[in-house]
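A look at the structure
These are the residues of each chain, in order.
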Amino acid sequence: MRKALILAQKGEGYTSPNPMVGCVIVSSNGDLIGEGYHERFGREHAEVLAIDSVEDRHSLLDATLYVTLEPCSHHGKTPPCCEMVGKLPLRRVVVAMEDPNPKVSGRGIRYLEERGISVECGLLRAEAEALNRFYLHHLEFGRPFVTLKIAQTSDGYTAAPDGGSRWITGKESRTLVHRWRSRYDAVMVGRNTAELDNPTLTVRHIEGRQPLRVVIDGPLSLPSNLHLFSDQYEEKTILITHNEQRARETLDPMLKMMQSNYFRGKTLVVPERDGHSDLHRTMKALGEEGVTSLLVEAGQSLSSALLRAGLVDRLELFIAPVLLGGGTRSVLGLGIQRIEDMIPFREVEWQQVGADMLMSATF
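My aim in this report is to walk through the structure given alongside it, one point at a time. Given the structure is predicted, the values throughout are model-derived calculations rather than measurements.

1. Some words on helix H13 (residues 300–308)
By the burial criterion, the buried members of H13 are Leu302, Ser303, Ser304, Ala305, Leu306 and Leu307. Where H13 is buried, its residues contact strand E6 (145–153), strand E8 (186–190), strand E9 (212–216), helix H12 (279–288) and strand E14 (293–296). Among the residues trailing H13, Gly310 stands out with phi positive, at a value near 70°.

Given below as structure tokens:
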């Protein structure tokens with residue numbers, strides 16, 4: 001099962017909104033005879049690839065199949081895996097965890113048991129759940145797992161008094177962030193960061209999948225020549241706004257035909273709340289778009305708003321060994337007046353990244 005989990009992780013960044021799944025087949029005499037993992041959304045599932053990799057089909061007699069997630073029991077982009085597995089002369093199937101997806105939810109296991117195959121569930125369950133925390137979170141809450149990334153000086157500033165913020169942290173930290181981008185479904189910024197920094201939010205320092213890019217522009221007033229709206233990945237940009245009237249105008253098919261540089265990404269309209277785009281409805285809308293994980297690289301305003309709203313699931317805080325003494329604080333205005341009301345973390349890990357320190361914490 002550990003080997004199956006290692007195989008499953010190879011699909012990180014490519015299988016969403018599907019989970020990462022690995023599969024290993026062991027013959028009756030203990031030989032590893034097949035293995036596979038779900039490589040990309042829409043392609044064959046792990047069980048199919050593992051079975052296809054078996055050279056001697058006779059070796060499947062009384063074999064054991066190990067899989068990190070319950071075999072699917074519904075028709076999606078591929079046929080149900082449980083039906084294919086159920087036709088094999090296996091003696092046993094070992095599953096790390098049940099699939100909580102309502103379309104599966106124990107049906108795959110029951111299907112196999114009804115066909116005389118012994119099924120054991122729960123081996124390395126915690127590891128399997130950790131592997132697919134984005135998938136499980138999206139199923140439970142209907143919104144993406146949100147990770148907030150902050151890079152600050154040792155005295156808590158993210159930008160100098162003149163607004164400059166490049167670069168506070170070192171090259172190693174920036175490379176790590178690009179690796180994260182390749183693993184998350186989408187990267188989000190607010191309108192201030194989009195306008196001041198004009199970021200691309202792409203993966204450049206490593207090889208990996210280009211994520212969706214989300215920008216919150218409540219009044220819908222950002223200039224159209226920003227990288228997010230005009231570069232080669234323009235169609236991967238999702239624009240969030242509460243200005244329904246203006247959004248309707250920009251989405252009008254006839255107006256689009258008359259414009260040579262119209263926005264080719266997607267615009268989502270959410271309700272307004274306290275003069276801003278409602279963040280809870282924003283996350284819900286992204287979840288409905290199939291975004292299971294979101295990396296937020298925002299400035300003080302959006303970062304603080306997400307923390308106030310309780311929408312941050314994980315914090316990645318880079319602390320650079322430098323001092324500013326003034327400028328923009330990383331977080332402000334959480335509404336906390338007493339020490340007793342401080343926001344605690346459930347789990348905290350520290351590591352050194354180049355010259356920087358990285359605190360990784362979950363809420």
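2. Overview of the packing of aromatic side chains
In this structure the tally under the stated criterion is 4 aromatic pairs. With 5.0 Å between their ring centres and 45° between their planes, Phe134 and Tyr184 make a pair best called tilted. Of this pair, Phe134 sits in helix H6 (residues 133–141) while Tyr184 sits in the loop between helix H7 (171–183) and E8, and the two are 50 residues apart along the sequence. A single burial state applies to Phe134 and to Tyr184, both of which are buried. Between Phe345 and Phe363, the aromatic rings sit 5.1 Å apart at their centres with planes inclined by 65°, giving edge-to-face as the arrangement.

3. Remarks on the sheet that holds E14
Within a sheet, each strand pairs with its neighbour through backbone hydrogen bonds, oriented either parallel or antiparallel. Spatially, 9 strands are ordered E11-E10-E9-E8-E14-E6-E15-E18-E17 in an open sheet, and the strand pairing comes out mixed. The strands lining the two open edges of the sheet, one partner per strand, are strand E11 (266–269) and strand E17 (347–353). Between one strand and the next, the sheet's axes are offset by a mean angle of 20°, whatever the strand orientation. Looking at chain direction, E17 and strand E18 (residues 356–362) are connected through 7 bridges and run antiparallel. From the neighbouring strand, Trp350 faces E18, where its bridge partner is Met359.

4. Topic: the pairing of strand E4 (residues 92–95)
Neither face of E4 is left uncovered, since the one carrying Arg92 and Val94 and the one carrying Val93 and Val95 both have all their residues buried. Note: strand E3 (residues 64–67) against E4, 4 bridges, orientation parallel. The residue bridging Leu65 from the neighbouring strand is Val93, located in E4. Here E4 pairs with strand E5 (residues 118–121) via 4 bridges, running parallel. The residue bridging Val95 from the neighbouring strand is Cys121, located in E5. Running through helix H4 (residues 107–114), the crossover from E4 to the neighbouring parallel element E5 is right-handed.

5. Examining H12
Buried within H12 are the following residues: Leu279, Thr282, Met283, Ala285, Leu286 and Gly287. With a side-chain oxygen positioned 2.9 Å from the backbone nitrogen of His280, the residue opening H12 is Asp278. Count one or two residues on from H12 and you reach Gly290, which has phi positive near 90°.

6. Observations concerning the side chain of Asp217
Along the chain, Asp217 turns up in the loop between E9 and helix H9 (227–230). For Asp217, a relative accessible area of 2% translates into the label buried. Within the structure, Asp217 has its side chain in polar contact with the side chain of Arg191 (distance 3.1 Å).

7. Things to note about the pattern of salt bridges
Opposite charge on two side chains permits them to pair, given that their charged atoms come into close proximity. Evaluated as defined, the whole model comprises 16 salt bridges. For Arg143, the salt bridge identified is with Asp313, shortest N-O distance 3.1 Å. A residue pair is termed long-range when its members are at least 10 positions apart, and Arg143 in the loop between H6 and E6 and Asp313 in the loop between H13 and strand E15 (314–320) qualify at 170 residues. Between Glu297 and Arg181 there is a salt bridge, and its shortest N-O distance comes to 2.9 Å. You can see Glu297 sitting in the loop between E14 and H13 and its partner Arg181 sitting in helix H7, a full 116 residues away along the chain. Arg181 matches Glu297 in its accessibility class, with the two residues each being buried. Beyond isolated ion pairs, a larger network of salt bridges with shared partners links Lys149, Arg181 and Glu297.

Rules behind the numbers
- Residues numbered from 1 in each chain as written.
- Predicted model: local features only at pLDDT ≥ 70, side-chain atom pairs only at ≥ 80, totals over all residues.
- Heavy atoms only, no water.
- Buried < 20%, exposed > 50% of the residue type's maximum accessible area, 1.4 Å probe, protein only.
- Helix = DSSP H or I, 4+ residues; strand = E, 2+ residues; numbered from the N terminus.
- Contact = heavy atoms within 4.5 Å.
- Phe/Tyr/Trp six-rings, centres within 6.5 Å; stacked < 30°, edge-to-face > 60°.
- Pairing = 2+ DSSP bridges.
- Axes fitted to C-alpha atoms, helices over the stretch in contact; angles between N-to-C directions.
- Right-handed = clockwise from strand over helix to strand, strands pointing away.
- Polar contact = N/O pair within 3.5 Å; in protein donor to acceptor, adjacent residues only side chain to side chain.
- Salt bridge = Lys/Arg side-chain N within 4 Å of Asp/Glu carboxyl O.

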